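These are the residues of each chain, in order.
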Amino acid sequence: EGCDQLTVIAGWNNPIGFVLGTDDALASAEYIKTVTWRRLWRNEIIDMPGCGHAPFIEDPPRFNTYLREFLKELF
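A short tour of the structure in this document, coming up.

**Notes on the packing of aromatic side chains**
Item 1. In the structure shown here, the tally under the stated rule is 3 aromatic pairs.
Item 2. Taken together, a centroid distance of 5.3 Å and an interplanar angle of 75° make the contact between tryptophan 41 and phenylalanine 70 edge-to-face. With tryptophan 41 in the loop between helix 2 (29–32) and strand 2 (46–48) and phenylalanine 70 in helix 4 (residues 60–74), the pair connects residues that are 29 residues apart, well separated along the chain. Here tryptophan 41 matches phenylalanine 70 in class, with each residue buried.

This is how it looks when you write it as structure tokens:
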């Protein structure tokens, strides 16, 4: 039996940085932003306009800026 990935991630005890491409055809930004997150970084979903499902591939410099900020705040 499987599990709902979003429910597992939203309830995760560790900090989660969620970066979402605004042109993502696989994930519904409207739905994701209604989820109650236990440890969402900055209490926000980070939008990346002009990116789809893989912003880390589509715009690595911008994605890496968010990743560095996330890691700096954690460590």
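**A few points about the layout of surface pockets**
Item 1. Within this model, the largest pocket holds a volume of roughly 350 Å³.
Item 2. At the level of elements, strand 1 (19–21), helix 3 (55–58) and helix 4 are the ones that each hand at least two residues to the lining of the largest pocket.
Item 3. Broken down by element, the lining of the largest pocket gets its largest block of residues, 4 residues, from helix 4.
Item 4. The residue makeup of the lining of the largest pocket, split by class, is 13 nonpolar, 3 polar and 1 charged.

Rules and cut-offs
- Residues numbered from 1 in each chain as written.
- Predicted model: local features only at pLDDT ≥ 70, side-chain atom pairs only at ≥ 80, totals over all residues.
- Heavy atoms only, no water.
- Phe/Tyr/Trp six-rings, centres within 6.5 Å; stacked < 30°, edge-to-face > 60°.
- Helix = DSSP H or I, 4+ residues; strand = E, 2+ residues; numbered from the N terminus.
- Buried < 20%, exposed > 50% of the residue type's maximum accessible area, 1.4 Å probe, protein only.
- 1 Å grid on protein atoms, 1.4 Å probe; cavity = no way out; pocket = protein on both sides within 12 Å on 5 of 7 lines; lining within 4 Å.
- Points joined across faces, edges and corners; volume = space filled by probe spheres on them.
- Nonpolar A, V, L, I, M, F, W, Y, C, P; charged D, E, K, R; others polar.

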